[in-house]
Amino acid sequence: MDTYESILLVKNEVFVFKIPPRTTNRGYRAADWNLAEPTWTGRLRIVSVGDTCTLKLEDRNNGELFAKCPIEQYPGVALESVSDSSRYFVVRIQDENGRAAFIGLGFGDRSDSFDLNVALQDHFKRIKVCEEIAKEKNEPKQELDLKFKEGETIKINMKITKKDGSEGVANKQAAKPRPTISGVGGLLPPPPGSSSIKTIPAPPSQTSSPSHQSTNPNNWGEFTSSNNTSQPGGHSNPNWVQF
């Protein structure tokens, strides 16, 4: 597969400074540099060939290479921000023999340094996405097992339209009709305001004593006329009722 050079960023004016060696673990400070007298002024280009990214410092007139900085990751040791400004960086340059040195790099405008950050972040983000896509292609995809396991069942509720147009739910018992009270063939409820039921008094028991019956002959009603009926033998019994 043929590779070609892709230009990620071009800035026509950048400044290079000679920086003192760092003696402590604290970050670099641009205030320690001689910012009024840059060591070199020229053009910056960031190019990529495949996944390789290189920052190049070139002459603005003839394009002659002044220095280059291979960038393997960002942020990283190849290009490091200073602690006191957003317009200056520390760049690790390398020659053809692999020898490295650190120089200061600065922009005249903050928007130029912002463009540098965005260009490098987009480049390495694209590499990460391409790696993830290649990994998914090489790894076999796990197929979903949608078959029923032994003894596994599912339940489906379906609406069924009846002949009369009403809908019902399958596999569900129909609700029992509620009982209704009808005035025909059934028992009517008592009328409002009725608190008691009238009863008809029963006739006196026939086991009452003869003295009680003789003292109140009117209890027999229309049957009292039978008291004068004679029994066989010519004797009359006032307690005998003849029907």
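Residues numbered from 1 in each chain as written. Predicted model: local features only at pLDDT ≥ 70, side-chain atom pairs only at ≥ 80, totals over all residues. Heavy atoms only, no water.

1. Some remarks on a negative patch on the surface
Taken together, the side chains of Asp51, Glu131, Glu132 and Glu136 make up a negatively charged region of the molecular surface. Within the secondary structure, aspartate 51 is located in the loop between β2 (40-49) and β3 (52-58). (Patch = residues over 30% accessible without salt bridge, like charges linked within 9 Å, V, L, I, M, F, W, Y side chains within 5 Å. Areas by Shrake-Rupley, 256 points an atom, 1.4 Å probe, with all protein chains shown as cover. Salt bridge = Lys/Arg side-chain N within 4 Å of Asp/Glu carboxyl O. Lys, Arg positive; Asp, Glu negative; His and termini not counted. Charge placed at Lys NZ, Arg CZ, Asp CG, Glu CD. Helix = DSSP H or I, 4+ residues; strand = E, 2+ residues; numbered from the N terminus.)

2. Here we look at helix α1 (residues 110-138)
For α1, with 29 residues, the first-to-last C-alpha span of 43 Å sits near the 42 Å given by 1.5 Å per residue. Taken together, the buried positions of α1 are Asp112, Ser113, Leu116, Ala119, Leu120, His123, Phe124 and Ile127. Packing partners of the buried residues in α1 comprise β1 (5-17), β2, β3, β4 (65-71), β5 (79-81) and β6 (88-94). (Expected span 1.5 Å × (residues − 1). Buried < 20%, exposed > 50% of the residue type's maximum accessible area, 1.4 Å probe, protein only. Contact = heavy atoms within 4.5 Å.)

3. Describing the packing of aromatic side chains
On inspection of all chains with the given rule, the structure shows five aromatic pairs. Look at tryptophan 40 and phenylalanine 66: their rings are 4.4 Å apart centre to centre, the planes differ by 5°, and that puts the pair in the stacked class. Linking tryptophan 40 in strand β2 with phenylalanine 66 in strand β4, this pair joins segments that are 26 residues apart in sequence. In this structure phenylalanine 66 comes out as partly exposed when scored by relative accessible area, which is 42%. A network of ring pairs unites the aromatic residues Phe17, Trp33 and Tyr88 as a single cluster. (Phe/Tyr/Trp six-rings, centres within 6.5 Å; stacked < 30°, edge-to-face > 60°.)

4. A word on the pairing of β2
A regular strand places its side chains so that they alternate between the two faces of the sheet. For β2, the tally of buried residues reaches seven of ten residues, placing the bulk of the element in the interior. Two strands pair when backbone bridges link them, and β2 and β3 are joined in this way by seven bridges, in the antiparallel orientation. Residue pairing for β3: leucine 44 is matched across the bridge by leucine 57. Between the antiparallel neighbours β2 and β3 lie two residues, among them glycine 50 with a positive phi of about 70°. (Pairing = 2+ DSSP bridges.)

5. Observations regarding the pattern of salt bridges
A side chain of one charge can pair with a side chain of the opposite charge when the charged atoms of the two come close. According to the stated counting rule, one finds ten salt bridges in the structure shown. Measuring nitrogen to oxygen at the nearest pair gives 2.8 Å for the salt bridge that ties aspartate 115 to lysine 11. With aspartate 115 in helix α1 and lysine 11 in strand β1, this pair connects stretches of sequence that are 104 residues apart. Looking at aspartate 115, the relative accessible area reads 28%, which means it is partly exposed. On the basis of relative accessible area, lysine 11 is assigned to the buried category, the value being 13%. As a salt-bridge pair, lysine 68 and glutamate 96 come within 3.3 Å of each other at their nearest N and O atoms. One end of the pair, lysine 68, is in strand β4; the other, glutamate 96, is in the loop between β6 and β7 (100-106), with 28 residues separating them in the sequence. Residue classification places glutamate 96 among the exposed positions, given a relative accessible area of 67%. In this structure, a network of salt bridges that share partners links the residues Glu5, Arg43, Arg45, Lys56 and Glu58.

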